[in-house]
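Here is what each chain is made of, one letter per residue.
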Amino acid sequence: MNDTPPQTRIQARNRAVILDAALEVFAARGFRGATLDRIAQVAGLSKPNLLYYFRSKEALHLAILENLMELWLAPLRALDPEGEPRAQIMGYVRRKLEMSRNHARESRLFANEILQGAPRARPVLEGPLKALVDEKAKLIAKWADEGRIAPVDPHHLIFSIWALTQHYADFEVQLHAIMGETDPFPAAEAWLERVFGTVLDPAVPAGRS
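Quick caveat, the model's predicted, so the values are computed rather than measured. (Residues numbered from 1 in each chain as written. Predicted model: local features only at pLDDT ≥ 70, side-chain atom pairs only at ≥ 80, totals over all residues. Heavy atoms only, no water.)

## Quick notes on the overall build of the chain
At step 1: Scanning the chain for helices and strands turns up 10 helices and 0 strands.
At step 2: Going from the N terminus to the C terminus, the chain shows its helices and strands as α-α-α-α-α-α-α-α-α-α.
At step 3: The principal-axis extent of the C-alpha atoms belonging to the chain is close to 65 × 50 × 30 Å.
At step 4: The contacts of the chain with a sequence gap of at least 6 include a subset with a gap of at least 24, amounting to 70%.
At step 5: Just so you have it, the chain exposes about 11,900 Å², and 55% of that area is on carbon and sulfur atoms.
At step 6: The averaged location of the 26 negative side-chain charges in the chain is 4 Å from the averaged location of its 26 positive side-chain charges. (Helix = DSSP H or I, 4+ residues; strand = E, 2+ residues; numbered from the N terminus. Contact = heavy atoms within 4.5 Å. Areas by Shrake-Rupley, 256 points an atom, 1.4 Å probe, with all protein chains shown as cover. Lys, Arg positive; Asp, Glu negative; His and termini not counted. Charge placed at Lys NZ, Arg CZ, Asp CG, Glu CD.)

Here it is as structure tokens:
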């Protein structure tokens, strides 16, 4: 039984405002560079008010990471064993690219955590994330064994999807420096459809494009 009293509307609003401000600051500055004073300033709240909801910077960062990992796992979890293999994998590519468009701050926060050695996210990486990736890698390998997609290393296929989609969020500054205000996502989706469509096509001989 949960004895925690329900939040009032104002408490729920303040908590959401704090989490959004913290995401902004952590994504921009990393864990070490972020301060509670700066998060409170961005949230438009006093530091004591912030500490009423989150007792420390660590607790606030952990709350964001927990929300983020649910968001991160959902697209891979959606791979349907009963679906058409290439359509399922290409759907995953599109969902990951859409996440880079709509959740760039979350992607950069995750990247910062990994670059720091994942001191707070490691239990999730070695637990739920690894279990889900291994499960879906077995499914992809099964599809390849059945000849429904080309022979691929399933783990490296997943890693490649991460790299080629999250790049658009994690290196957003570099993209805009090169492309200006041009929206990169329509061309990115078309390019990734071509790249992974070729990789997965069982009719394309290995090593040929």
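## Considering the side chain of S100
At step 1: Tracing the sequence through the fold places S100 in helix α5 (residues 85-102).
At step 2: Looking at S100, the relative accessible area reads 4%, which means it is buried.
At step 3: At 2.7 Å, the side chain of S100 and the backbone oxygen of T165 are in polar contact.
At step 4: Ignoring any residue separated from it by four or fewer positions in sequence, one finds S100 in contact with T165, Q166, Y168, A169 and F185. (Buried < 20%, exposed > 50% of the residue type's maximum accessible area, 1.4 Å probe, protein only. Polar contact = N/O pair within 3.5 Å; in protein donor to acceptor, adjacent residues only side chain to side chain.)

## Considering the packing of helix α6 (residues 104-115) against helix α8 (residues 154-170)
If you want to describe how two helices pack, look at the angle between their axes and the distance between the axes.
At step 1: It is the contact of α6 with α8, at a shortest axis distance of 8 Å, that shows an interaxial angle of 105°. Judged by the angle between their axes, α6 and α8 are roughly perpendicular. Residues A104, S107, R108 and A111 of α6 touch α8, and the partners they reach there are Q166, A169 and D170.
At step 2: Residue classes in the contact of α6 with α8 are distributed as 3 nonpolar, 2 polar and 2 charged. (Axes fitted to C-alpha atoms, helices over the stretch in contact; angles between N-to-C directions. Parallel < 35°, antiparallel > 145°, perpendicular 65-115°, else oblique. Nonpolar A, V, L, I, M, F, W, Y, C, P; charged D, E, K, R; others polar.)

## A few points about the pattern of salt bridges
At step 1: A complete count under the given rule lists 13 salt bridges for this structure.
At step 2: For R105, the salt bridge is made with E24, and the minimal N-O distance between the two is 3.0 Å. Taken together, the positions of R105 in helix α6 and E24 in helix α1 (residues 9-33) put the pair 81 residues apart, joining distant regions of the chain.
At step 3: Close ionic contact of K130 with D134 constitutes a salt bridge, the shortest N to O distance being 2.9 Å. Placement of the pair is K130 and D134 together in helix α7 (residues 122-145), with a separation of 4 residues, close to one helical turn.
At step 4: The class of D134 is partly exposed, set by a relative accessible area of 25%. (Salt bridge = Lys/Arg side-chain N within 4 Å of Asp/Glu carboxyl O.)

## Quick word on the environment of R95
At step 1: Along the chain, R95 turns up in helix α5.
At step 2: Once residues within four sequence positions are removed from consideration, R95 is found in contact with P75, A78, L79 and Q88.
At step 3: A distance of 3.1 Å separates a polar side-chain atom of R95 from the backbone oxygen of P75.

## A look at the nonpolar core
At step 1: The biggest cluster of nonpolar side chains holds 57 residues, and the ones touching the most others in it are F26, I39, L60, I89 and I140.
At step 2: Aside from chain neighbours lying at most four places away, what touches F26 is F31, A34, I39, K57, L60, H61, I64, L109 and N112. (Core = buried A, V, L, I, M, F, W, Y, C linked by side-chain atoms within 4.5 Å.)

## Re the packing of α1 against helix α4 (residues 57-77)
At step 1: Interhelical geometry of α1 versus α4 gives an angle of 100° and a closest axis separation of 10 Å. Between α1 and α4, the interaxial angle falls into the category roughly perpendicular. The residues of α4 that touch α1, namely those facing I18, L19, A22, L23, F26, F31 and R32, are K57, E58, L60, H61, A63, I64 and N67.
At step 2: Considered class by class, the residues forming the contact of α1 with α4 number 9 nonpolar, 2 polar and 3 charged.

## Digging into α1
At step 1: A rise of 1.5 Å per residue sets the reference length of α1, with its 25 residues, at 36 Å; its end C-alpha atoms lie only 31 Å apart and thus fall more than 12% short of the reference.
At step 2: At A27, α1 shows its largest kink, close to 80°.
At step 3: The complete set of buried residues in α1 reads N14, I18, L19, A21, A22, L23, V25, F26, A27, G30 and F31.
At step 4: Tucked inside the fold, the buried residues of α1 contact α2 (36-43), α3 (47-53), α4 and α6. (Expected span 1.5 Å × (residues − 1). Bend = angle between axes of the 7 residues up to and from the residue.)

## Focus: unusual backbone geometry
At step 1: At A118, a position not held by glycine, the phi torsion is positive, near 55°.
At step 2: The residue A118 is located in the loop between α6 and α7 in this model.

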